[in-house]
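Here is how the chains run, residue by residue.
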Amino acid sequence: MKKLTAITIAISLISGYAGAQTIVLTDSENGIELGNWKIDSQQLKIPGPRFSLQQQVLHGGKQEGSKVITLTSEGLTIALSPTRGMDILHVNGSGVRLGWDSPVTDVVNPAYINLESRNGIGWLDGFNEMMVRCGYEWTGHPGVENGTLYTLHGRAGNTPANKVTVEIAEKAPYEIRIRGLLKENTFKKSNLETWTELSYVPGTQQFKIHDRLTNRADYPRDYQIIYHSNFGKPLLEEGAKFSAPIKEISPFNDYAKSGLQDWHTYKGPTKNYDEMVFNIVPLADSQGKTLAMMNNEKGDRGVAIGFDTRQLPVLTLWKNTDTERQGYVTGIEPGTSYAYPVKIEREQGRIKQLQPGQSTDFELTYTLLKNAEQVKEYQNKIKTLQGTNEVKLVETPMAVE
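Residues numbered from 1 in each chain as written. Predicted model: local features only at pLDDT ≥ 70, side-chain atom pairs only at ≥ 80, totals over all residues. Heavy atoms only, no water.

An unreviewed UniProt entry lists the protein chain under the name Aldose 1-epimerase family protein, from Serratia aquatilis.

### Topic: the overall build of the protein chain
Secondary structure assignment for the protein chain yields six helices and 26 strands. Taking 21 Å as the expected radius of gyration for a compact globule of 401 residues, we find that the protein chain reaches 21 Å, a close match to that expectation. By its C-alpha atoms, the protein chain is 65 × 55 × 45 Å across when sized along the principal axes. Taken over 401 residues, the protein chain has a buried fraction of 56%. In the protein chain, the share of contacts with a sequence separation of at least 24, taken over all contacts with a separation of at least 6, comes to 66%. Looking at the protein chain as shown, the accessible area adds up to about 17,300 Å², and 47% of this sits on carbon and sulfur atoms. (Helix = DSSP H or I, 4+ residues; strand = E, 2+ residues; numbered from the N terminus. Rg over C-alpha atoms; globule rule 2.2 N^0.38 Å. Buried < 20%, exposed > 50% of the residue type's maximum accessible area, 1.4 Å probe, protein only. Contact = heavy atoms within 4.5 Å. Areas by Shrake-Rupley, 256 points an atom, 1.4 Å probe, with all protein chains shown as cover.)

### Observations regarding the environment of Leu354
Looking at the secondary structure, you find Leu354 in strand 24 (residues 352–354). Leu354 sits 138 residues away from Arg216 along the chain, and the two C-alpha atoms are 9.6 Å apart. Sequence-distant contacts of Leu354, that is, excluding residues within four places in its chain, are made with Leu213, Thr214, Asn215, Tyr219, Pro220, Arg221, Tyr223, Ser359 and Thr360.

### Considerations on the pattern of salt bridges
Under the definition given, this model contains 22 salt bridges. The salt bridge involving Asp101 is made with Arg97; its shortest N-O contact spans 2.8 Å. Overall, the relative accessible area of 47% leaves Asp101 in the partly exposed class. Of the charged contacts in the structure, one is a salt bridge between Arg346 and Glu145, with a shortest N-O distance of 2.8 Å. Of the two residues, Arg346 is situated in helix 5 (residues 342–347) and Glu145 in strand 10 (residues 143–145); the sequence distance between them amounts to 201 residues. Here Arg346 falls in the partly exposed class, since its relative accessible area comes to 34%. Residue classification places Glu145 among the buried residues on the basis of a relative accessible area of 10%. Several salt bridges converge on common partners, so that one network encompasses Glu175, Arg177, Arg179 and Glu197. (Salt bridge = Lys/Arg side-chain N within 4 Å of Asp/Glu carboxyl O.)

### Let's talk about the sheet that holds strand 25 (residues 359–369)
In spatial order, the strands read 2-1-12-13-14-15-25-21-20-17; together these ten strands make up an open sheet with antiparallel pairing. Every other strand in the sheet has two partners, leaving strand 2 (32–33) and strand 17 (241–243) as the edge strands with one partner each. Pairing between strand 13 (residues 176–186) and strand 14 (residues 190–200): eleven bridges, direction antiparallel. Each residue of the ladder has a partner; that of Lys183, found in strand 14, is Glu193. Lying over the sheet, helix 6 (residues 372–386) contacts strand 15 (206–215), strand 17, strand 20 (289–295), strand 21 (302–308) and strand 25, oriented at roughly 135 degrees with respect to strand 20. (Pairing = 2+ DSSP bridges. Axes fitted to C-alpha atoms, helices over the stretch in contact; angles between N-to-C directions.)

### Comments concerning the pairing of strand 20
Burial analysis of strand 20 places six of its seven residues in the buried class, the great majority of the element. As paired strands, strand 17 and strand 20 are joined by three bridges and run antiparallel to one another. Along strand 20, the bridge assignment pairs Phe242 with Met294. The hairpin turn running from strand 20 into strand 21, its antiparallel successor, is six residues long, and Gly299 in that turn takes a positive phi close to 80 degrees.

### Comments concerning helix 6
The end-to-end C-alpha distance of helix 6, which contains 15 residues, comes to 21 Å, matching closely the 21 Å that a straight helix rising 1.5 Å per residue would cover. Buried within helix 6 we find Val375, Tyr378, Gln379, Ile382 and Gln386. Seen from one end, helix 6 has its buried residues packed into an arc of 105 degrees, which puts them on one side. Exposed residues on helix 6 whose side chains face more than 90 degrees from its buried face are Glu373 and Thr384. (Expected span 1.5 Å × (residues − 1). Arc of directions from axis to C-beta.)

### Details of empty space enclosed by the protein
In the structure shown here, the tally under the stated rule is one cavity of 30 Å³ or more. Leu80, Met86, Ile88, Arg133, Ile178, Thr196, Glu197, Leu198 and Ile209 are the residues that line the largest cavity. If you tally residues by element for the lining of the largest cavity, the top one is strand 14, at three residues. For the lining of the largest cavity, the per-class residue count stands at six nonpolar, one polar and two charged. (1 Å grid on protein atoms, 1.4 Å probe; cavity = no way out; pocket = protein on both sides within 12 Å on 5 of 7 lines; lining within 4 Å. Points joined across faces, edges and corners; volume = space filled by probe spheres on them. Nonpolar A, V, L, I, M, F, W, Y, C, P; charged D, E, K, R; others polar.)

### As for the nonpolar core
Formed by 71 residues in total, the largest nonpolar core has its most connected members in Leu53, Phe207, Tyr227 and Phe242. Beyond its immediate chain neighbours, meaning those up to four positions away, Leu53 contacts Trp37, Lys38, Ile39, Thr70, Leu71, Val166, Ile168, Ile176 and Ile178. Formed by 20 residues, the second largest nonpolar core is a distinct cluster that contains Val104, Phe127, Phe252 and Trp318. (Core = buried A, V, L, I, M, F, W, Y, C linked by side-chain atoms within 4.5 Å.)

### What to know about the confidence of the model for the protein chain
For any part of a model where pLDDT is low, the fine detail of the predicted coordinates should not be relied upon. Per-residue confidence for the protein chain gives a mean pLDDT of 94, with 95% of residues at or over 70. Contacts from residues 1–16, a stretch scored under 50 in pLDDT, to residues over four places away or in other chains number 25 contacts. (pLDDT = per-residue confidence, 0-100.)

### Observations concerning the environment of Gln224
By secondary structure assignment, the location of Gln224 is in strand 16 (residues 221–231). Beyond its immediate stretch of four places on either side in the chain, Gln224 contacts Cys134, Gly135, Tyr136, Glu137, Trp138, Thr139, Thr336, Ser337, Val342, Glu345 and Ile351. In this structure the side chain of Gln224 is engaged in a polar contact, spanning 3.0 Å, whose partner is the side chain of Ser337. (Polar contact = N/O pair within 3.5 Å; in protein donor to acceptor, adjacent residues only side chain to side chain.)

### A closer look at the packing of aromatic side chains
Enumeration according to the criterion identifies ten aromatic pairs in this entry. In textbook terms, an aromatic cluster arises when at least three aromatic residues are bridged by ring pairs, as seen for Trp100, Trp123, Phe127 and Trp318. The ring of Trp195 carries Arg179 above its face, with NZ or CZ at 4.5 Å from the centroid. Of note, Lys381 hangs over the ring of Tyr378, and the distance from its end group to the ring centre comes to 4.1 Å. (Phe/Tyr/Trp six-rings, centres within 6.5 Å; stacked < 30°, edge-to-face > 60°. Lys NZ or Arg CZ within 6 Å of the ring centre and 35° of its normal.)

Okay, structure coming up:
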């Protein structure tokens, strides 16, 4: 504990906020790496709901050297990986798991992933997270534009964090913030930095994501982001339901056209069910806030995602109800873009740009719904946002790959 205390005092608040204790787990510029580490509320003499924080360095197979931070409390247990873009591996609370069972079982170290393999879909070799950041330099399906191969869903999810800090507020409700710095830097091409942040109040069943993307280049730079949020059993099952306030929904491709009549419900595991994707233009309140959710067939368990349409104007619904061994999963994906290749998104005018030194923020709230009353509450919130607006079904895909 002496080593931790010395580091905490020497480098406290380098990226923190007033009234918080900061522990630096990783700082590549200053040669700091704590490796295996653990602390809890009793050691910190913090009253109220108990919690613990632990970082573990994994060994063996393709997860050799990967790090996992686990935040455990009486409300939720949240696991994320600094090695894999600070992405969320899984969340558990009240007997409900947020996440899914991928054929990829390791927390794969990006050193073992070739994003360009299989014609640009090497990203799938590590895909098993509850929430993965798809971006920020580009996202979407692989494609070639002006001779450049843009691989599936960009690089952020396979970018280890240069800096990682844990900040614990010194006053109630003792909010915890886990922050990581991602750098997407390429000579002459990109100089994007993202401070990612997960914040959580111990004892609750809700956590927030607040990411700030900055263009450090001397020239304007494009950016895209999809927050690929993925859920399987126990929430996903035959009769499970997706809900959101919707202005317009359209099929991603011709295959998805056949699913427009029952786009909001799910099948059980179905052999030879190809992934079915829908493009959604969400409705929002006067401040741009909106919600998307899914719940199980019984309606007594669910998850809700709140986001700001001024930051993330579109929503992708990904239904992959294939067999369980193939990965029985659905994705609720707020973003700046749909999942078309870069060339198509550029033609559609959805690729955004940051000027030199400019930053932009993305904020999302994830809530685990543990009973029928909470599921109903969020369904009613969505009905209020929907109001008297009818959902416009567009049967023609907006683009062809």
